[in-house]
Amino acid sequence: ASLPDAVAPAESALAAPAPSTPPVELVPGVVRGAHERAGRANDPGYLDIDDSTPRRRDFATVIEPNDNPAQVVAYEGWFEAPADGVYRFALPLRRPGYTHLGSFRHAYQAQLRLGGEIVLQIGVAGRVPTGEIHLSAGWYPFSLRLGSSSADLTVTYPDGQTLPLTAAKLRRDAALVL
C-alpha cells in the first residue's frame, strides 16, 4: 500500500466568529483599563474582568508590562487580520532567569481574547488554549489582559511572518470619549 504524499495536520486552532464591523473611524492605539484584583491572583477567574469596572481608563499608544499582581491591566481595541488563515499568538511564560524548581510562582499571568474567544491564557488554572486561531480577513475586537506579566505579545501570520503585536498595530475607536 502506498502512503499519501502529504498528511494534513490535526486541526488545533480555534475557529473564531466572523469578523466584526469596527467603528466608522479607527486610530492607532488601545484603551487601557486597570481593574482591582487584590487577593485573587490564584483564582481561576483572576483574568475574567468582564463584570468589573476599571478604577481608571485612558488611551495608550504602548502596551506596558504589569508588575502589580493586585490589578489586571486590560488593553482593548481592534485587531486586523489581513488574510484568511491560522494566526498564532504567544507571550513569555515566566520571567527570564526563573527556571529553578518552584519557579512557577514567577510565572506570568495573561489572557488574550479575539472576537470574544479566549485564544491564549497563561499562569491561571482552568484553561489551556493553544494561542492558535483561524481567522477570516477582517477586524476583530481585541482584549489583552495582563496580571503580573510581560507585554511581549507576538503574532505569527498565516504567511509565517512573526512580529511583535504592539499598540501601534492595533486600533481604537476615534470617537470614544473617556
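Summary of the structure given here. Please read these numbers as outputs of a predicted model, since none were measured by experiment.

**Some details on the packing of aromatic side chains**
Right, so step 1: Taken as a whole and assessed by the stated rule, the structure comprises 3 aromatic pairs.
Right, so step 2: Here the aromatic rings of Phe 79 and Phe 89 are separated by 5.6 Å at their centres, their planes lie at 75 degrees, and the arrangement is edge-to-face. In this pair, Phe 79 sits in strand β5 (residues 71-81) while Phe 89 sits in strand β6 (residues 85-90), placing the two residues 10 residues apart along the sequence. Across the pair, exposure class does not vary: Phe 79 and Phe 89 are buried alike.
Right, so step 3: Ring centres of Tyr 87 and Tyr 157 lie 5.7 Å apart, and the angle between their planes is 75 degrees; on these two criteria the pair is classed as edge-to-face. Of this pair, Tyr 87 sits in strand β6 while Tyr 157 sits in the loop between β11 (154-156) and β12 (162-164), and the two are 70 residues apart along the sequence.
Right, so step 4: Since its relative accessible area comes to 0%, Tyr 87 is described here as buried.
Right, so step 5: With a relative accessible area of 14%, Tyr 157 lands in the buried category.

**Topic: the sheet that holds β6**
Right, so step 1: Pairing within the open sheet is mixed, and its 5 strands lie in the order β1-β9-β6-β11-β12. Looking at the sheet topology across the chains shown, the edges are occupied by β1 (14-15) and β12.
Right, so step 2: One ladder, built from 2 bridges, connects β1 with strand β9 (residues 132-135); its direction is parallel. If you follow Leu 14 over to β9, its bridge partner there is Ile 133.

**Here we look at the pairing of strand β3 (residues 30-36)**
Right, so step 1: The element β3 is largely enclosed, with a buried count of 6 among its 7 residues.
Right, so step 2: Pairing geometry for β3 and strand β4 (residues 56-60), over 5 bridges, is antiparallel. Paired with Val 31 across the strands is Phe 59, a residue of β4.
Right, so step 3: In this sheet, β5 lies alongside β3 in antiparallel orientation, the contact comprising 6 bridges. In the sheet register, His 35 faces β5, and the bridge partner there is Val 72.

**Details of the pattern of salt bridges**
Right, so step 1: Throughout the structure, instances matching the rule amount to 6 salt bridges.
Right, so step 2: In this structure, Asp 50 and Arg 145 form a salt bridge, with 2.7 Å as the shortest nitrogen-oxygen distance. With Asp 50 in the loop between β3 and β4 and Arg 145 in strand β10 (residues 138-146), this residue pair connects regions lying 95 residues apart in the sequence.
Right, so step 3: Several salt bridges converge on common partners, so that one network encompasses Asp 48, Asp 50, Arg 113 and Arg 145.

Definitions and cut-offs
Residues numbered from 1 in each chain as written. Predicted model: local features only at pLDDT ≥ 70, side-chain atom pairs only at ≥ 80, totals over all residues. Heavy atoms only, no water. Phe/Tyr/Trp six-rings, centres within 6.5 Å; stacked < 30°, edge-to-face > 60°. Helix = DSSP H or I, 4+ residues; strand = E, 2+ residues; numbered from the N terminus. Buried < 20%, exposed > 50% of the residue type's maximum accessible area, 1.4 Å probe, protein only. Pairing = 2+ DSSP bridges. Salt bridge = Lys/Arg side-chain N within 4 Å of Asp/Glu carboxyl O.

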